[in-house]
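Chain and residue survey
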Amino acid sequence: MSWTAVAKKDFRDAVQSRALWALLAVFVVLSVVLSYSYAEFPALVGGTEQATVGGLVFFTSGIVSLFVSLTAIVVCYKAIAGERELGSIKLMLALPHSRRDVFVGKLVGRTGVLSLALAVGLVVGLGLGSVLLGSFEPVPLVLFLVATLLFAVVYVTIVVSISATTGSTSRATTGALGFFLLFELLWDVVPMGVVYVANGFSLPAQMPDWIFPLMQLPPSSAYVLVLNALLPDLADAAPGGGVAGFDAFYARPELGFVVLGFWLVVGLAVGSYRFVNADL
Amino acid sequence: MAAIELDGLTKHYGDVVAVDGLDLVVEEGEIFGFLGPNGAGKSTTIDVLLDFVRPTGGSATVLGHDAQRESMAVRRRIGVLPDAYHVYDRLTGRQHMEFVVDSKEVDADIEAILERVRVLEAADRKAGGYSKGMRQRLVLAMALVGDPDLLILDEPSTGLDPNGARQMREIIQEENDRGTTVFFSSHIMEQVEAICDRVAIINRGRLVAVDSIEGLRDSTETTTTLTVTVSGADDDVVAAVRSREDVTSASLSGDQFVVTLGTDGSKFGVLQAIDAAGATVEDFSLEESSLEDLFVEYTTPGQEVEPGEPQAQETGPTPADSPGADR
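Conventions and cut-offs
Residues numbered from 1 in each chain as written. Chains lettered and ligands numbered in written order. Predicted model: local features only at pLDDT ≥ 70, side-chain atom pairs only at ≥ 80, totals over all residues. Helix = DSSP H or I, 4+ residues; strand = E, 2+ residues; numbered from the N terminus. Buried ≥ 20, exposed ≤ 12 C-beta atoms within 10 Å, placed from the backbone. Contact = placed C-beta atoms within 7 Å. Rg over C-alpha atoms; globule rule 2.2 N^0.38 Å. Expected span 1.5 Å × (residues − 1). Axes fitted to C-alpha atoms, helices over the stretch in contact; angles between N-to-C directions. Parallel < 35°, antiparallel > 145°, perpendicular 65-115°, else oblique. Left-handed = near helix turned anticlockwise from the far one by under 90°. Nonpolar A, V, L, I, M, F, W, Y, C, P; charged D, E, K, R; others polar. Core = buried A, V, L, I, M, F, W, Y, C linked by C-beta atoms within 7 Å. Pairing = 2+ DSSP bridges. Arc of directions from axis to C-beta.

Looking only at helices and strands, one finds 11 helices and 14 strands in chain B. Overall, the C-alpha framework of chain B stretches about 80 × 45 × 35 Å when taken along its three principal axes. Across the 327 residues of chain B, 42% fall into the buried class. Counting contacts in chain B only where the partners sit at least 6 residues apart, residues at least 24 apart contribute 70% of the total.

Looking now at the overall build of chain A. Scanning chain A for helices and strands turns up 14 helices and zero strands. When the helices and strands of chain A are read in sequence order from the N terminus, they spell out α-α-α-α-α-α-α-α-α-α-α-α-α-α. Here the C-alpha radius of gyration of chain A, 20 Å, is about what a compact globule of 280 residues would show, namely 19 Å. By its C-alpha atoms, chain A is 60 × 55 × 30 Å across when sized along the principal axes. The buried share of chain A, reckoned over its 280 residues, is 45%. Contacts in chain A between residues at least 24 apart in sequence constitute 83% of all its contacts with a sequence separation of at least 6.

Residues and elements named next belong to chain B. Between its first and last C-alpha, helix H5 (residues 132–144) extends 19 Å over 13 residues, near the 18 Å set by a 1.5 Å rise per residue. Burial of H5 is extensive: 12 of the 13 residues sit out of reach of the surface. Phi turns positive, to about 85 degrees, at Gly146, one or two residues after H5.

Here we take up the packing of helix H1 (residues 3–14) of chain A against helix H7 (residues 99–133) of chain A. Residues and elements named next belong to chain A. Closest axis-to-axis distance for the H1/H7 pair is 7 Å, and the angle between their directions is 40 degrees. Relative to H7, the element H1 is oriented oblique. The hand of the H1/H7 crossing is right-handed. Within the contact between the two elements, H1 uses Trp3, Val6, Ala7, Asp10, Phe11 and Ala14 and H7 uses Asp101, Val102, Val104, Gly105, Lys106, Val108, Gly109, Arg110, Gly112 and Val113. The residue inventory of the contact of H1 with H7, partitioned by class, reads nine nonpolar, three polar and four charged.

Counting residues at the interface gives 21 residues for chain A, matched by 27 residues for chain B. Among the elements of the structure, H1 and helix H6 (89–93) of chain A are those that each provide at least two residues to the side of chain A that touches chain B. The leading source of residues in the side of chain A that touches chain B is H1(A), at five residues. Among the residues making up the side of chain A that touches chain B, the classes are represented as eight nonpolar, seven polar and six charged.

With that settled, the discussion passes to the nonpolar core. Counting residues in hydrophobic clusters, the biggest one holds 148 residues, and the most contacted among them are A:Ala72, A:Val156, A:Val159 and B:Ala141. At 14 residues, helix H8 (residues 138–164) of chain A tops the list of elements feeding residues into this core. Those residues in contact with A:Val159 that sit more than four places away from it in its chain are A:Ala72, A:Ile73, A:Cys76, A:Tyr77 and A:Ala176.

With that settled, consider the sheet that holds strand E13 (residues 256–261) of chain B. Residues and elements named next belong to chain B. What the four strands build is an open sheet, ordered E12-E13-E11-E14; its pairing is antiparallel. The sheet terminates laterally at strand E12 (247–253) and strand E14 (280–288), the two strands that pair on one side only. Sheet twist, expressed as the average angle between the axes of neighbouring strands with direction ignored, equals 15 degrees. The strands touched by helix H10 (residues 267–276) are strand E11 (224–231), E12, E13 and E14; relative to E11, the strand with the most contacts, the crossing angle is about 25 degrees.

Another point: the sheet that holds strand E3 (residues 31–35) of chain B. Two strands in a sheet stick together by hydrogen bonds in their backbones, pointing the same way (parallel) or opposite ways (antiparallel). All names here are of chain B. Overall, mixed pairing links the six strands, which are arranged E6-E7-E8-E3-E9-E10 in an open sheet. Each edge of the sheet is formed by a strand with only one pairing partner; in this case those strands are strand E6 (78–81) and strand E10 (206–212). Going from strand to strand, the sheet's axes swing by 15 degrees on average, the running direction of each strand aside. Of the pairings in the sheet, the one linking strand E9 (residues 198–203) to E10 comprises six bridges and is antiparallel in character. Looking at E10, one finds that Ile201 is bridged to Ala209. Sitting on the sheet, helix H11 (residues 291–299) touches E3, E9 and E10, and the angle it makes with E9 is about 35 degrees.

Let us look at unusual backbone geometry. Glycine aside, a negative phi is what most residues show, and trans is what most peptide bonds show. The backbone of A:Phe201 sits at a positive phi, close to 60 degrees, despite the residue not being glycine. With phi around 55 degrees, B:Ala84 is a residue other than glycine that occupies positive phi space. Mapped onto the elements, B:Ala84 comes out in the loop between E6 and helix H3 (93–104). For B:Ala84, a count of 18 C-beta atoms within 10 Å gives the class partly exposed.

Next up on the list: H11(B). All names here are of chain B. Residues of H11 that are buried include every one of Phe295, Tyr298 and Thr299, and no others. For H11, the buried positions fall inside an angular range of 80 degrees around the axis, keeping them on one side. If you follow the buried residues of H11, they end up packed against E3, helix H7 (189–195), E9 and E10.

Between two packed helices, both the angle of their axes relative to each other and the distance between the axes serve to describe the pair. All names here are of chain A. At a minimum axis separation of 8 Å, H8 and helix H14 (residues 255–276) run at an interaxial angle of 25 degrees. In terms of axis orientation, H8 runs roughly parallel to H14. Classified by chirality, the crossing of H14 by H8 is left-handed. Packed against H8, whose contacting residues are Leu150, Phe151, Val154, Thr157, Ile158, Val160, Ser161 and Ala164, the element H14 presents Leu260, Trp263, Leu264, Gly267, Leu268, Val270, Gly271, Ser272, Arg274 and Phe275 at the interface.

This brings us to the pairing of E14(B). Residue and element names in this part refer to chain B. Across the nine residues of E14, zero count as buried, placing the element largely on the outside. In this sheet, E14 lies alongside E11 in antiparallel orientation, the contact comprising eight bridges. Paired with Val230 across the two strands is Val281, which belongs to E14.

Next up on the list: the environment of A:Phe212. Residues and elements named next belong to chain A. Residue position: Phe212 is located in helix H11 (residues 211–215). On the basis of neighbour counts, which here come to 18 C-beta atoms within 10 Å, the residue Phe212 falls in the partly exposed class. Placed 42 residues apart in sequence, Phe212 and Glu254 show a C-alpha to C-alpha distance of 13 Å.

The quantities given are spatial measurements derived from coordinates; they are silent on function.
Here's what the structure looks like:
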């Protein structure tokens, strides 16, 4: 159980990151503005006449997923690479911790830090929203929190794992930003490219069904799917709620769990393998 | 059982050989100095003992456990002051100590240990604001937690002023008196000379000498070089001096007569001999070789150390002393 000591130390350390609290401040302001505008002008910003807590949840999920991904990068990219580059990892690994314990402790510690920031931001934003809407619906809020926490764990795992593959913070930065760029900003283009190539270098009139799961590969897309899976009633009511628009065993919101699970497993495997076998 | 046993330990980084077939035994209870110039392979060897790096060949055993396969068992019983480490800038000294106590799952009086290394008054300040010497003492305190059976100290005097270095030596001695084996590296002979029972000298990844300080002194016949300014000296005078048993060499160039003597050579006897042979001694100066000279002699690149045992004449770049630091 030596990872608990690592996690405790790591939480104490990373929670003091100024960049984290700066990002949180921005997030709190944004979520307050969003909650306020959704509650006051649902038709204008939300596209529905009837403002609900569920609608609010979906409305804020975009900014939440951006906050989680960016904060995970800021809080975690140096988690292991930074300690290796500076040499503080020598203090840690001179103690009876296996590399795997360090890796797990880092994941837990950084997840704790991100969850704390997330909790502060969400309580403020959604709390305000609930007050303005005059209704408090614990079930969707709790389910939203669960989904968001799961998403946060996955993102932390991805970024800590990228950090674990190298002893250079500049390479870790490149890796983490590259991941964000590829999967969060440019990913729409990739499935298109795959279809283009698969179709003999031309685009078909109708996109094939199998492009759907490929489109859901970014963790943030999977997060939206998970929200759809957990809050189906609300998802149908919310704008952009419907999912694939065709029937296939994979065209279901539960695919979101599979995708998040995929990233979790890949991250854990690659990160711990590289770290355990590295010369420090 | 040996505290540390290296058996043909070898570590390559690409084409660079950092450690080359090192065989070494450190007995329990001794203070062992691991000496070599920067880049000799000291830190790489220590990194293998801690499983920071994995050897290319050979093996290392610490307190009876394989340093790689049973690293956890090793690290439960040792205290380490690593080289080129960095403290956690945002954590206080006390939090550093709590981390060690949590990690080793031991009861320890954190304040007493911090007092001992004189960091107690700064215990609740963030370590990022500590001076180099305070950080070094904090990390020493971390190494002392849990009364380890073996202390591994990599360049422990780094960043310490002379007073701090002396306190470091006292603590090392105290720990050793309690039965702790101490293995420490240094590139300065003087530090090692003062407290070590035995010393190993390594250079370019190879062991060049292992012995007690006395043994090193004896085996090298600390020589004395006598430079005498003479007038009226000729070959007969040189021959007369050379014939003395305690003289290892004598040569005359102009009025400078250079004579080297063995360990128990009589300087006075030489001067008398010159005088007796008919030359006049105008002036003279003495130079005694020290262990420091021996160290320099052993570790100067390209120098033949022992006759008949050719040294590897690599002139390539020496490996960085701590490869971890520049990766």
